[in-house]
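Here are the chains, one letter per residue:
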Amino acid sequence: MRGIRLNCSFYKLLIVMAAAEIQQNAMEAGSFGQDIEFLRKHVKVAVLADRTGDSQVAVVPAYQGRVMTSTATGLRGRGYGWLNRSLISSGKHEPHINIYGGEDRFWLGPEGGQYSIFFAPGSPFDLEHWFTPPPIDTEPFEIESVTGDKVVCGKRFAVTNYANTRFEVEVRREVRLVNANDALADLGVSVPASVKSVGFESVNIVKNAGNADWRAETGLLSIWILGMFNASAKTTVVIPIRDGNETEYGPIVNDAYFGRVPPDRLVVRPGILYFRADAKHRSKIGVGPRRAKPIFGSYDAAGNVLTLVRFTLPPNADRYVNSMWELQKNPYGGDVVNSYNDCPAKPGAPGFGNFYELETSSPALALAPGAEARHVHTTIHLHGGEKDLDPIARATLGVGLNEIQTAFSRSAAGR
């Protein structure tokens, strides 16, 4: 990527100032401080922090500028991102995918179909032949700048899709701290002082760095942002949707990625979807652009954490890449919002880890040479009592905490 420079002295100074010296015996189990201490043994970490030191975010440029974890309560507080400690500490690269974890990682779509960038031309759509492109898996992004509340990095690379179309791509990614009150002000939300919060956003820009148009007939790319969070038995993903008939708005939900999701794990109600995020059943759901709203999230009733994700949803965009692992009738009829719940694919087989995902995508990118597209993905964690979090959930997701916590019990009672 042109114009990228690394100021090593400043970068090292930032790490020292932000992370300081972490004393292991002063940290609670699973704390943000322990997360940082572990990561710094294996990779360089940029820690962004507000003036209080309560809101902190850990970014690893070597993992494509990925946000690995964050906290609303300082070094001793809980870390919200799921980390794959065994893979990170091994120093090895797995052949199909390297799941390091992290709350906001940069990917490109589509994953499956005739325009997939995860399958070589002519290969079958199965796990044996599925490979994550190295530029979005193992290759580091180059650092442009680092300040106390922002990291800017990027990379130039090429990928080839299933239809043998080559894309010359330039990515610029900016990760920055955001204030929760500022990020939610337009929704009429005022976060009380009793609620601890941390917010960050990634601004992701993809440019056609080649000499040929990116055309629908030969395949298009999309910006795909995925966040991996620690699962619990009491975590529920909440996705507001638009009501309406399927002829006008399309299917209510796509739950066919890994087989139909059982009704005790996916509840559909007017204007809302509830999805279990307990890492006990491998499953994934998606919502198309005519159903999706530009905000969704999850609630962990065990930890009293409300997580919200806001993202760029252009009002008239209707072409989103399709990532289903098959030759598709509609390669641009994909989802804009996804959520994944991990679990072993087969009885006795290892799962990836104790996590769930919140994901967003940009529209399909039909870019002329030199043109670029932008997708913003914002994550906000709010930690507090139910009395304080309930009005925030109602203002942002359209339902209260009681509705979220009883969604599955009410579904069972209704059968």
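For the structure, see preceding data.
Residues numbered from 1 in each chain as written. Predicted model: local features only at pLDDT ≥ 70, side-chain atom pairs only at ≥ 80, totals over all residues. Heavy atoms only, no water.

**Quick look at the packing of aromatic side chains**
The relation between two aromatic rings is expressed through the spacing of the ring centres and the mutual angle of the planes. All told, the structure shown has 16 aromatic pairs when counted by the stated rule. Aromatic pair Tyr 63 and Tyr 100: ring centres 3.9 Å apart, planes at 5 degrees, arrangement stacked. In this pair, Tyr 63 sits in the loop between β2 (56-60) and β3 (66-71) while Tyr 100 sits in the loop between α3 (85-90) and β4 (105-109), placing the two residues 37 residues apart along the sequence. The residues Tyr 63 and Tyr 100 share a single accessibility class, namely buried. Taken together, Trp 107, Phe 118, Phe 119, Phe 125, Trp 130, Tyr 162, Trp 224 and Trp 325 form an aromatic cluster joined through their ring pairs. Seen from the ring of Tyr 257, Lys 284 lies directly overhead, with NZ or CZ sitting 4.7 Å from the centre. (Phe/Tyr/Trp six-rings, centres within 6.5 Å; stacked < 30°, edge-to-face > 60°. Helix = DSSP H or I, 4+ residues; strand = E, 2+ residues; numbered from the N terminus. Buried < 20%, exposed > 50% of the residue type's maximum accessible area, 1.4 Å probe, protein only. Lys NZ or Arg CZ within 6 Å of the ring centre and 35° of its normal.)

**Re the pairing of strand β13 (residues 283-287)**
Burial within β13 is extensive, with five of its five residues counted as buried. What you see with β13 is no split at all: Ser 283, Ile 285 and Val 287 on one side and Lys 284 and Gly 286 on the other are buried throughout. Of the pairings in the sheet, the one linking β13 to strand β16 (residues 337-341) comprises five bridges and is antiparallel in character. Considered in β16, the bridge of Lys 284 is made with Tyr 340. (Pairing = 2+ DSSP bridges.)

**Focus: the side chain of Gln 56**
Tracing the backbone through its elements, the reader meets Gln 56 in strand β2. On the accessibility criterion, Gln 56 (4% relative accessible area) is buried. Looking at Gln 56, its side chain comes within polar contact range of the main-chain oxygen of Gly 53, at 2.8 Å. (Polar contact = N/O pair within 3.5 Å; in protein donor to acceptor, adjacent residues only side chain to side chain.)

**Topic: the sheet that holds strand β7 (residues 166-178)**
Backbone hydrogen bonds hold the strands of a sheet together, and the pairing may be parallel or antiparallel. Reading across from one edge, β5-β6-β7-β8-β18-β15-β14-β10-β12-β11 is the order of the 10 strands in this open sheet, with antiparallel pairing throughout. Every other strand in the sheet has two partners, leaving β5 (142-147) and β11 (266-269) as the edge strands with one partner each. For this sheet, the mean inter-axis angle between neighbouring strands, taken without regard to orientation, is 15 degrees. In this sheet, strand β14 (residues 295-300) lies alongside strand β10 (residues 235-240) in antiparallel orientation, the contact comprising four bridges. By the bridge assignment, Val 237 is partnered in β14 with Ser 298. Contacting β10, β12 (272-276), β14, β15 (305-311) and β18 (372-383), helix α6 (residues 386-397) crosses the sheet at an angle of about 20 degrees to β15. (Axes fitted to C-alpha atoms, helices over the stretch in contact; angles between N-to-C directions. Contact = heavy atoms within 4.5 Å.)

**Regarding helix α2 (residues 32-40)**
Since there are 3.6 residues in each turn of an α-helix, residues three or four apart along the chain are aligned in direction. Of all nine residues in α2, seven are buried; the element is thus mostly enclosed. Turning to α2, its buried residues number three or more, namely Phe 32, Gly 33, Gln 34, Asp 35, Ile 36, Phe 38 and Leu 39.

**Notes on the pattern of salt bridges**
In the structure shown here, the tally under the stated rule is 17 salt bridges. Asp 300 is the salt-bridge partner of Arg 78, the closest N and O atoms lying 3.0 Å from each other. Here the residue Arg 78 occupies a position in the loop between β3 and α3, and Asp 300 occupies one in strand β14, the gap between them amounting to 222 residues. A residue is classified by how much of its surface remains accessible, and Arg 78, at 29% relative accessible area, is partly exposed. (Salt bridge = Lys/Arg side-chain N within 4 Å of Asp/Glu carboxyl O.)

**Some remarks on the pairing of strand β9 (residues 222-230)**
Burial analysis of β9 places eight of its nine residues in the buried class, the great majority of the element. Across five bridges, the pairing between β4 and β9 is antiparallel. Residue pairing for β9: Gly 109 is matched across the bridge by Ser 222. Strand direction decides the pairing type here: β9 and strand β17 (residues 355-361), joined by seven bridges, are antiparallel. Bridge pairing in β17 places Asn 230 opposite Phe 355.

Function-wise, these values are silent; they only describe arrangement.
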